[in-house]
Amino acid sequence: MSVLVVGSGNVDLVSRVERIPAPGETVLSTGFATHAGGKGNNQATAAARANAHTTFLGSFGDDDNGRRLLTSLTDSGVRPLVRTSTEPTGTALITVAAGGENAIVVNAGANATLTDLTDAERTAVAEADVVLLQLEIPLATVTEAAKAATGTVVLNAAPARPLPRDLLESVDLLIVNEHEAAQLGGAEALLDVVPRLVVTLGAQGAVIHTGDTRTEVPGIPVQVVDTTGAGDTFCGALVARLDEGAALEPSVRFATTAAAVSVGRAGAVPAIPTREEIDDFHR
Ligand SMILES: Nc1ncnc2c1ncn2[C@@H]1O[C@H](COP(=O)(O)OP(=O)(O)OP(=O)(O)O)[C@@H](O)[C@H]1O
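What counts and how
Residues numbered from 1 in each chain as written. Predicted model: local features only at pLDDT ≥ 70, side-chain atom pairs only at ≥ 80, totals over all residues. Heavy atoms only, no water. Helix = DSSP H or I, 4+ residues; strand = E, 2+ residues; numbered from the N terminus. Buried < 20%, exposed > 50% of the residue type's maximum accessible area, 1.4 Å probe, protein only. Polar contact = N/O pair within 3.5 Å; in protein donor to acceptor, adjacent residues only side chain to side chain. Contact = heavy atoms within 4.5 Å. UniProt positions renumbered as here; feature names shortened; annotations may be inferred. Phe/Tyr/Trp six-rings, centres within 6.5 Å; stacked < 30°, edge-to-face > 60°. Lys NZ or Arg CZ within 6 Å of the ring centre and 35° of its normal.

Some remarks on the side chain of Ser251
- Along the chain, the position of Ser251 falls in helix 9 (residues 248-263).
- Given a relative accessible area of 0%, Ser251 falls into the buried group.
- Side-chain polar atoms of Ser251 contact the backbone oxygen of Ala247, separated by 2.7 Å.
- Other than its neighbours up to four places away in sequence, Ser251 contacts Leu238, Arg241, Leu242 and Ala246.

Quick look at unusual backbone geometry
- A cis amide bond links Ala158 to the next residue, Pro159, at an omega of -10 degrees.
- Position of Pro159 relative to the elements: it lies in the loop between strand 9 (152-156) and helix 5 (165-168).
- Within the chain, Asn51 stands out as a residue other than glycine whose phi angle is a positive 90 degrees.
- With respect to the element layout, Asn51 can be found in the loop between helix 1 (39-49) and strand 4 (54-61).
- Classification of Asn51 as exposed rests on a relative accessible area of 56%.
- The backbone of Asp116 sits at a positive phi, close to 50 degrees, despite the residue not being glycine.
- Residue Asp116 is classed as exposed on the basis of its relative accessible area of 61%.

Side note on the UniProt feature "binding site: substrate" (unreviewed entry) in the protein chain
- Under the local residue numbering, the UniProt record ascribes the feature "binding site: substrate" (unreviewed entry) to Asn10, Val11, Asp12, Gly38, Lys39, Gly40, Asn41, Asn42, Glu136 and Asp232.
- If you trace the backbone, Asn41 turns up in helix 1.
- Residues contacting Asn41, with those up to four places away along its chain left out, are Ser8, Gly9, Ala36, Phe56, Leu69, Leu73 and Val269.
- Tracing the backbone through its elements, the reader meets Asp232 in helix 8 (residues 230-243).
- Ignoring any residue separated from it by four or fewer positions in sequence, one finds Asp232 in contact with Lys39, Asn42, Gln43, Ala46 and Asn156.
- A polar atom in the side chain of Asp232 sits 2.9 Å from the side chain of Asn42.

Concerning helix 1
- Where burial is concerned, most of helix 1 is hidden: ten out of the eleven residues are buried.
- Restricting attention to buried positions, one finds in helix 1 the residues Gly40, Asn41, Asn42, Gln43, Ala44, Thr45, Ala46, Ala47, Ala48 and Arg49.
- Looking one or two residues past helix 1, Asn51 carries a phi angle of roughly 90 degrees, positive in sign.

Quick look at the packing of aromatic side chains
- Counted under the stated rule, the structure contains one aromatic pair.
- Pairing Phe56 with Phe60 gives two aromatic rings, centres 5.8 Å apart and planes at 25 degrees, and the pair type is stacked. A single burial state applies to Phe56 and to Phe60, both of which are buried.
- For the cation-ring pair, Arg241 lies above Phe254, with the distance from its terminal atom to the ring centre recorded as 5.5 Å.

Some points on the UniProt feature "binding site: ATP" (unreviewed entry) in the protein chain
- As recorded in UniProt, the feature "binding site: ATP" (unreviewed entry) lies at Asn177, Thr200, Leu201, Gly202, Ala203, Gln204, Gly205, Gly231 and Asp232.
- Note on placement: Gly202 falls in the loop between strand 11 (196-200) and strand 12 (205-210).
- Side-chain polar atoms of Asp232 contact the side chain of Gln43, separated by 2.9 Å.

Now the structure itself:
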């Protein structure tokens, strides 16, 4: 069994400030850190740490940030199938104010060059048992991968944007948060096109929609430290369980536990739990 994640990799450059600077203004940072990020990178990491045999297909620059992402992926057990672009590795410049307010500038960089899959890339897509996609790479590539897949196609439609019908028709399972669900026309409209839908509800957990059935999976109460990447942990863990042959409901319960562990810890990638940590959570 195997999971292929086709998606983005970014390096997050995070500066803490007293307040967000106004245009033209310079403020001094009170702390700085860089982290591996991007939804594709995070979700591949989550799937691999949950024990799935995971490959990541993406595009990084020939630069220190790209090498950093590759190291982060391989350290988590992900097999990288990564192009080297002449564009720089994607970055997110994140400014976080003391009150929690933030201002973010994203440069897609190499992620935007992940177009026109090569024969080897199409073969990897076709051979995967589960293909997991998000929307931080060109939409045409997401659609191309969804159509080339022969296994289960899971789309996390984030960040939200209008989706072509032929993409949705290739999706077996759609995962969205409640804002994305609303932006895409609501659960009922989506279920006209996709057979299975999971809507995540933050601390409340998630709802599974399949045909006429609606199943609520409650969130697990935890002391919240940092919710960054909770959605990515949820998606990666969910596909790891699906890939083992588990049904959707137990897979969503497993993902809810994994995401709860991650919100109890700081950061995105550092907070993503291993299989052992997820299994131990209830003991
Ligand atoms: N405060 C919380 N307590 C427990 N679990 C949480 C909490 N917040 C999120 N989760 C878990 O993470 C899952 C995804 O969270 P959410 O619905 O906020 O998605 P998201 O908006 O994509 O997340 P993010 O953008 O913060 O990564 C939820 O379904 C839930 O299982």
